[in-house]
Amino acid sequence: LGKRIAVLKDGRLIQHGDATDVWRSPSDPFVADFLAGALMLDVVVHDDEVLALEGQWRIRRADVADHGDGATSLLLRPDSLEVRAEPAVDTVEAEVLGAEFAGDHVRLRVNLGDGVDCDVHVEGSATIGPIVHLGVRSGAPTLISGGSAE
């Protein structure tokens, strides 16, 4: 197996490099989605927080990796999120659409509102009801430039 990867779109090289670097710092939404079926949320970035879902979700800027000047999107993967026991300033309420046991974790399908669905990998003994409170794992979500992966 190789240690470097290249992502092509329509015959053009979009990004290449060490697999870990491409995973952590995708060059655009297409690469992010190609690698992991990522959820891209439009955000507004302030000095100390990132606002997602039209301001309904306030995420501490310190918890987000920043890989793009003028970043306008937040890249979230299933392992970027965690279920929190209680609502807090930096959580968002989500409706549980389904749950599936997947060996070392439970895969939740949740709705964040306005038709925004995503998957969450839940490890350990989190209480899962019809509604959960989601937060981000520190350093796991990534700010990147660009919008949808289309």
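What am I meant to see in the sheet that holds strand E5 (residues 57-60) here?
Hydrogen bonding along the main chain pairs the strands of a sheet, whether they run parallel or antiparallel. Pairing is mixed in the open sheet, where six strands are placed in the order E5-E4-E3-E7-E13-E6. Since the sheet does not close on itself, it has two edges, and those belong to E5 and strand E6 (65-66), each with one partner. Of the pairings in the sheet, the one linking strand E4 (residues 49-52) to E5 comprises four bridges and is antiparallel in character. Residue pairing across strands places Glu49 opposite Arg60, the latter belonging to E5.

Mind showing me how you'd approach the pattern of salt bridges here?
Pairs can form between side chains of opposite charge whenever their charged atoms are close. The tally for this structure, following the rule as stated, stands at seven salt bridges. Salt bridges sharing partners connect three or more residues here, namely Glu82, Arg84, Asp90 and Arg137.

I'm lost on the nonpolar core in this one. Help?
Note on soluble globular proteins: their nonpolar side chains tend to be buried together. Counting 27 residues, the largest nonpolar core has Leu41, Trp57, Val110, Leu112 and Leu134 as the members making the most contacts within it. Residues in contact with Trp57, not counting those within four places in the same chain, are Leu41, Val50, Leu51, Ala52, Leu76, Leu81, Asp90, Thr91, Val92, Leu134, Gly135 and Val136. Counting five residues, the second-largest nonpolar core is a separate cluster that includes Ala32, Ala38, Leu75 and Ile144.

I keep staring at the sheet that holds strand E12 (residues 131-136) and nothing clicks. Help me out?
Taken together, the five strands give an open sheet; going across it, the order is E8-E12-E9-E10-E11, and neighbouring strands pair in antiparallel fashion. Each end of this open sheet is capped by a strand with a single partner; those strands are strand E8 (81-84) and strand E11 (117-122). Between one strand axis and the next, the sheet turns through 50° on average, direction left out of account.

How each quantity is defined
Residues numbered from 1 in each chain as written. Predicted model: local features only at pLDDT ≥ 70, side-chain atom pairs only at ≥ 80, totals over all residues. Heavy atoms only, no water. Pairing = 2+ DSSP bridges. Helix = DSSP H or I, 4+ residues; strand = E, 2+ residues; numbered from the N terminus. Salt bridge = Lys/Arg side-chain N within 4 Å of Asp/Glu carboxyl O. Core = buried A, V, L, I, M, F, W, Y, C linked by side-chain atoms within 4.5 Å. Buried < 20%, exposed > 50% of the residue type's maximum accessible area, 1.4 Å probe, protein only. Contact = heavy atoms within 4.5 Å. Axes fitted to C-alpha atoms, helices over the stretch in contact; angles between N-to-C directions.

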